[in-house]
Amino acid sequence: MTGYGRAEGADAQMSWAWEARSVNGKSLEIRCRVPSGFDRLETPSRALVGQYFKRGSVNLSLTVARGPGGSPFRINRELLQSALEAMAELQKCGAAPPSADGLLRIKGVVETEEQGADDPAIAKAREEEILRTLQEALKRLGEARLAEGAHLRDVLGGHLQRIEALCQDAAASAGAQPAAIRERLRRQLADLMGSVPALNEERFAQEVAVLVQKADVREEIDRLRAHIRQAADLIAAAERGEPVGRKFDFLCQEFNREANTLCSKASEIDLTRIGIDLKSAIEQMREQVQNVE
């Protein structure tokens, strides 16, 4: 979701430039900064961003330069007169007389004068051109984000391959094999039965079955493999331009849940190590998913 786009435009009286920056964000957050006198462009500008992006923190900045002969500022005489009258009332109560720079600092007294604003048709045409320039800046920002996404596709694919390889290692581990688990538990119970009353064969089989079921991680491995397939589908959907960041973020939580369960069930050090490596690989993938729209 990181990128930068800039576009410029001009008419006979002034020129302008839009800059659009984007960084990671869980949802779409838009900050828009426009010069005084162009405040009415903020709402349509935000709407345009929503048409292009669904996730990320986007900062917009509009700068305007006026042509020669134009006056960039004007005094709001009505507001200034109201301020002077209010100051006169305060002076009757002993307040000090206002200074010129203090009056000029009152918000709204000094305004940016938009050339041609007296003609609604000219003002509307200029606003439409400024918004078209913003569209161009957003397109360039989108291209920059796509370039980053192409790199992330390879990075996420590498993490998925690592997770899949660890799942295969977990499935092949002796600690994940029911027969190996059953044999180890038989030995442990046989050692234990030397110091406790003997169990009948049926009860012995029941205890072994319960312990084997608790230590069996095949279900977790199957779910992890299903998550891998779903993650691959999300990467393919992202390549088609679909927003998948939030879904992928939630899927990483499910990955981590299964890895935690696998670690808690692991009864041998080799399987525990595989589970820890699996959690590390999932966390690395989750960090990169924060960059995905």
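Residues numbered from 1 in each chain as written. Predicted model: local features only at pLDDT ≥ 70, side-chain atom pairs only at ≥ 80, totals over all residues. Heavy atoms only, no water.

A. Quick look at the nonpolar core. Core analysis: the largest hydrophobic core is formed by 31 residues, its most contacted members being Leu156, Leu160, Ile163, Phe248, Phe255, Leu278 and Met285. Counting only elements with at least two residues in this core, the list comes to helix H4 (120–172), helix H7 (218–239), helix H8 (245–265) and helix H9 (269–289). Ignoring anything within four residues of it in the chain, the contact list for Leu156 reads Ile235, Phe248, Met285, Gln288, Val289 and Val292. Formed by 22 residues, the second largest nonpolar core is a distinct cluster that contains Ala20, Val34, Val58 and Leu134. (Core = buried A, V, L, I, M, F, W, Y, C linked by side-chain atoms within 4.5 Å. Buried < 20%, exposed > 50% of the residue type's maximum accessible area, 1.4 Å probe, protein only. Helix = DSSP H or I, 4+ residues; strand = E, 2+ residues; numbered from the N terminus. Contact = heavy atoms within 4.5 Å.)

B. Examining H8 more closely. The end-to-end C-alpha separation of H8 is 31 Å, in line with the 30 Å expected for 21 residues at 1.5 Å each. Every buried residue belonging to H8 is among Gly245, Phe248, Asp249, Leu251, Cys252, Glu254, Phe255, Glu258, Ala259, Leu262 and Cys263, and all of these are buried. Structurally, H8 contributes buried residues whose contacts are with H4, H7 and H9. (Expected span 1.5 Å × (residues − 1).)

C. Structural detail: the environment of Glu136. Its location among the elements puts Glu136 in helix H4. A relative accessible area of 32% places Glu136 in the partly exposed class.

D. A look at the packing of helix H1 (residues 42–52) against H4. Direction vectors running N to C along H1 and H4 enclose 30°, while the axes themselves pass 10 Å from each other. On the basis of the axis angle, H1 is roughly parallel to H4. Handedness of the H1/H4 crossing: right-handed. Across the interface between the two elements, Pro44, Ser45, Leu48, Val49 and Tyr52 of H1 pack against Leu131, Leu134, Gln135, Leu138 and Lys139 of H4. (Axes fitted to C-alpha atoms, helices over the stretch in contact; angles between N-to-C directions. Parallel < 35°, antiparallel > 145°, perpendicular 65-115°, else oblique. Left-handed = near helix turned anticlockwise from the far one by under 90°.)

E. Inspection of the pattern of salt bridges at higher detail. On inspection of all chains with the given rule, the structure shows 19 salt bridges. Here Arg46 ties to Glu42 by a salt bridge, and the two come within 3.2 Å at their closest N and O atoms. Here Glu42 and Arg46 lie together in helix H1, a separation of four residues that amounts to about one turn. Assessed through its relative accessible area of 31%, Arg46 is described here as partly exposed. Across the salt bridge formed by Glu258 and Arg223, the nearest N and O atoms sit 2.8 Å from each other. Here Arg223 lies in helix H7 and Glu258 lies in helix H8, a separation of 35 residues in the sequence. The buried category is assigned to Glu258, whose relative accessible area is 5%. (Salt bridge = Lys/Arg side-chain N within 4 Å of Asp/Glu carboxyl O.)

F. Broad picture of the sheet that holds strand S2 (residues 14–23). Read across the open sheet, the four strands follow the order S1-S2-S4-S3; overall the sheet is mixed. What marks the edges here is a single partner per strand, and that holds for strand S1 (3–10) and strand S3 (28–33). Neighbour-to-neighbour, the strand axes of the sheet open up by a mean angle of 15°, direction not taken into account. Contacts from H1 reach S2, S3 and strand S4 (56–66), with the element oriented near 145° to S3. Strand contacts of H4: S1, S2 and S4, with the helix running at about 155° to S1, the strand carrying the most contacts. (Pairing = 2+ DSSP bridges.)

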